[in-house]
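One letter stands for each residue in the lines below.
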Amino acid sequence: MKDYFVLSNGVKIPSIGFGTWQIPDGTDCYLSVMLALKLGYRHIDTALAYGNERSVGKAIRDSKLKREEVFVTTKLPAQYKTYDEAIKYFNESLENLGLNYIDLYLIHAPWPWAEVGKDCTKGNVEVWKAFVKLYNEGKVKSIGVSNFRETDIRPLVEETNFMPHVNQIRFFISNIQEDVVKYCKENNILVEAYSPLGTGKLLGNEEINEVAKKYNVSAARLCIKYCLQKDTLPLPKSTHEDRIKANLEMDFDISDEDMKKLDNVKIEELYRELRS
Ligand code: NDP
């Protein structure tokens, strides 16, 4: 397994990130992130909207790792769509985390979560201009988007001539978003796979477990490896030590034949296109 992906601007990003959505701020989040760092993760994914940046930042600072050894991603909440809000809430994230720069800053979604599908193109362009400014000032080492389709990304690039480095999307076995992934690959945008275990819902699937058994690995490890072999960067979340550890152990390869088998797994209730 490669240790990191390289973004289009040359920044290295550790190839598995630790997800922190739904880990409550305070002891739970602090201890989980501490544990993740102790067990070898060097990439933490959080968001202002998760409400746990303070604990994430404290764990990173207390880990005694050098700042440049840990790759930190956070996100601008989806409802903020003006230039000034982007700058304001970026500074709030920086303060919550207690860091002086962010490695990757993402627009959390193209529309507010309460209005999924709303056309916020104008607002996204404004926000993107603020992101480019933060990038040019060195306050963020890379910038990107999340939950964006091609039609959401294009206007940003047309207006600023700045291609996102990353698109973080819902990506896992049975939900592989072929159109947007193709566009991202053609444009050298790294795809990050969020919910690589389908928020845990893939783990009981019979077909997946059957393939996992062949490799003598858990369904979770198979799901994570699948994302890596699809050239996407998985962000598994767990609060349990044994799982946090296992989710990094990728010392096996899924054969082409089994990858095809997994490509064909259909789980209707988990399938969701971007924006719907
Ligand atoms: P995942 O797909 O990572 O699944 C997490 C679930 O699987 C939890 O219930 C966890 O339980 C369980 N689990 C984890 N590892 C194992 C294991 N080895 N064996 C058995 N069960 C396991 O879920 P998320 O939806 O949280 O996605 C991961 C990350 O992606 C988020 O935390 C966040 O950082 C990011 N994300 C981004 C979004 C966006 O809009 N940009 C949206 C959603 C997610 P337990 O914790 O109890 O171990």
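Model, not experiment: these values are computed from the prediction.

J.: Explanation requested: the sheet that holds strand E10 (residues 233-234) in the structure shown.
T.: The strands making up a sheet associate through backbone hydrogen bonding, with each pair oriented either parallel or antiparallel. Spatially, E3-E4-E5-E6-E7-E8-E9-E10 is the arrangement adopted by the 8 strands of the open sheet, whose pairing is parallel. The sheet terminates laterally at strand E3 (18-19) and E10, the two strands that pair on one side only. Looking at chain direction, strand E9 (residues 190-194) and E10 are connected through 2 bridges and run parallel. Along E10, the bridge assignment pairs Glu192 with Leu233.

J.: I keep staring at the nonpolar core and nothing clicks. Help me out?
T.: Soluble, globular proteins show a tendency: their nonpolar side chains are buried together. By size, the foremost hydrophobic cluster in this structure holds 91 residues, and its most contacted members are Trp128, Phe131, Leu222 and Leu262. Per-element tally for this core: the top contributor is helix H8 (residues 219-229), with 8 residues.

J.: Even after reading the chapter, I still don't get the state of the cysteines, so can you show me in this structure?
T.: By definition, a disulfide is the covalent link that joins the sulfur atoms of two cysteine residues. Counted according to the given criterion, the structure contains 0 disulfides. Note on Cys223: no disulfide assigned, nearest cysteine sulfur contributed by Cys227 at a separation of 7.4 Å.

J.: Teacher, can you tell me more about the packing of aromatic side chains here?
T.: Each aromatic ring pair is specified by the distance between its two centres and by the angle formed by the two planes. Counted under the stated rule, the structure contains 9 aromatic pairs. Centroid distance Tyr105 to Phe131: 4.5 Å. Interplanar angle 20 degrees. Geometry classified as stacked. Placement of Tyr105 in strand E6 (residues 104-107) and of Phe131 in helix H4 (residues 121-136) is noted, with a sequence separation of 26 residues between them. The same class applies to Tyr105 and to Phe131, which are both buried. For the pair Tyr215 and Phe252, a centre-to-centre distance of 6.2 Å together with 45 degrees between the ring planes defines the contact as tilted. Taken together, the residues span a long stretch of sequence, with Tyr215 in helix H7 (residues 206-215) and Phe252 in the loop between helix H9 (241-246) and helix H10 (256-263) at a distance of 37 residues. No difference in accessibility class separates Tyr215 from Phe252, as the two residues are buried. Put simply, the rings of Phe90, Tyr105, Trp128, Phe131, Tyr135 and Phe162 pair up and form one aromatic cluster. Its end group placed over the ring of Tyr101, Lys141 keeps NZ or CZ at 4.6 Å from the ring centre. Above the face of the Phe252 ring, Lys225 is positioned so that its terminal group lies 5.7 Å from the ring centre.

J.: Mind showing me how you'd approach the site of the ligand here?
T.: Inspection of the region around the ligand gives 28 residues, with Asp45, Ser195, Lys237, Ser238 and Arg243 positioned closest. Asp45 places a side-chain nitrogen or oxygen 2.7 Å from an oxygen atom of the ligand. At a separation of 2.8 Å, an oxygen atom of the ligand approaches a polar side-chain atom of Thr199. Within the complex, the protein chains bury 88% of what would otherwise be the 900 Å² of accessible surface of the ligand. Taken atom by atom, the bulk of the ligand overlaps the largest pocket.

J.: Honestly, the layout of surface pockets in this entry has me stumped. Any pointers?
T.: A water-sized probe rolled over the atoms picks out the places where empty space is left. Empty space within the largest pocket amounts to approximately 990 Å³. Trp21, Gln22, Tyr194, Ser195 and Thr199 are the residues nearest the centre of the largest pocket, which is lined by 45 residues in total. Of all the secondary-structure elements, those providing two or more residues to the lining of the largest pocket are strand E8 (166-170) and H9. Taken as a whole, the second largest pocket encloses approximately 410 Å³ of empty space.

J.: I keep staring at H7 and nothing clicks. Help me out?
T.: Structural remark: α-helix, 3.6 residues per turn; residues separated by three or four positions point the same way. Those residues of H7 that fall on the buried side of the exposure criterion are Ile208, Val211, Ala212 and Tyr215. Axial view of H7: buried residues confined to an arc of 105 degrees, hence all on one face. Opposite the buried face of H7, at more than 90 degrees from it, the exposed residues are Glu206, Glu210, Lys213 and Lys214. On the buried face of H7, the contacting elements are H8 and H10.

The rules behind each value
Residue positions are given per chain, counted from 1 along the sequence in the order it is written. The model is predicted, so local features are restricted to residues of pLDDT at least 70 and side-chain atom pairs to those at 80 or more, both for listing and for counting; the totals for chains, interfaces and linings are taken over all residues. With hydrogens and water set aside, each side-chain value is computed from the structure's full complement of heavy atoms. The criterion for strand pairing is that DSSP finds at least two bridges linking the strands in question. Runs of H or I in DSSP of at least four residues are treated as helices and runs of E of at least two as strands, each being numbered from the N terminus. The criterion is simple. A nonpolar core is a set of buried Ala, Val, Leu, Ile, Met, Phe, Trp, Tyr and Cys residues joined through side-chain atoms within 4.5 Å. Only protein chains enter the accessibility calculation, which uses a 1.4 Å probe; a residue is then buried when its area is under 20% of its type maximum, exposed when over 50%, and partly exposed in between. Pairs of cysteine sulfur atoms within 2.5 Å are what we label disulfides. Only centres within 6.5 Å qualify two rings of Phe, Tyr or Trp (six-membered ring in Trp) as a pair; their planes then separate them into stacked at under 30 degrees, edge-to-face at over 60, and tilted for everything else. Criterion for a charge above a ring: Lys NZ or Arg CZ within 6 Å of the ring centre, and within 35 degrees of the ring normal. It suffices for a single heavy atom of a residue to lie within 4 Å of a molecule or strand for the residue to be listed as near it. Pairing of N or O atoms within 3.5 Å defines a polar contact, subject to two protein rules: one partner must be a possible hydrogen donor and the other a possible acceptor, and residues neighboring in sequence count only if both atoms are side-chain atoms. Surface accessibility follows the Shrake-Rupley procedure with a 1.4 Å probe radius. Residue values consider only the protein chains on display as shielding. Grid points spaced at 1 Å over the protein atoms alone were grouped into cavities, where a 1.4 Å probe fits but cannot get out, and pockets, open sets with protein on both sides within 12 Å along at least five of seven lines, with lining residues defined by an atom within 4 Å of a point. Grid points define the cavity or pocket, and a molecule sits in it when more than half of its atoms lie within 2 Å of them. Grid points are joined across faces, edges and corners, and a volume is the space filled by probe spheres set on the points. Taken from the helix axis, the directions to the C-beta atoms give the arc we talk about. What makes two residues a contact is simply this: any of their non-hydrogen atoms within 4.5 Å.

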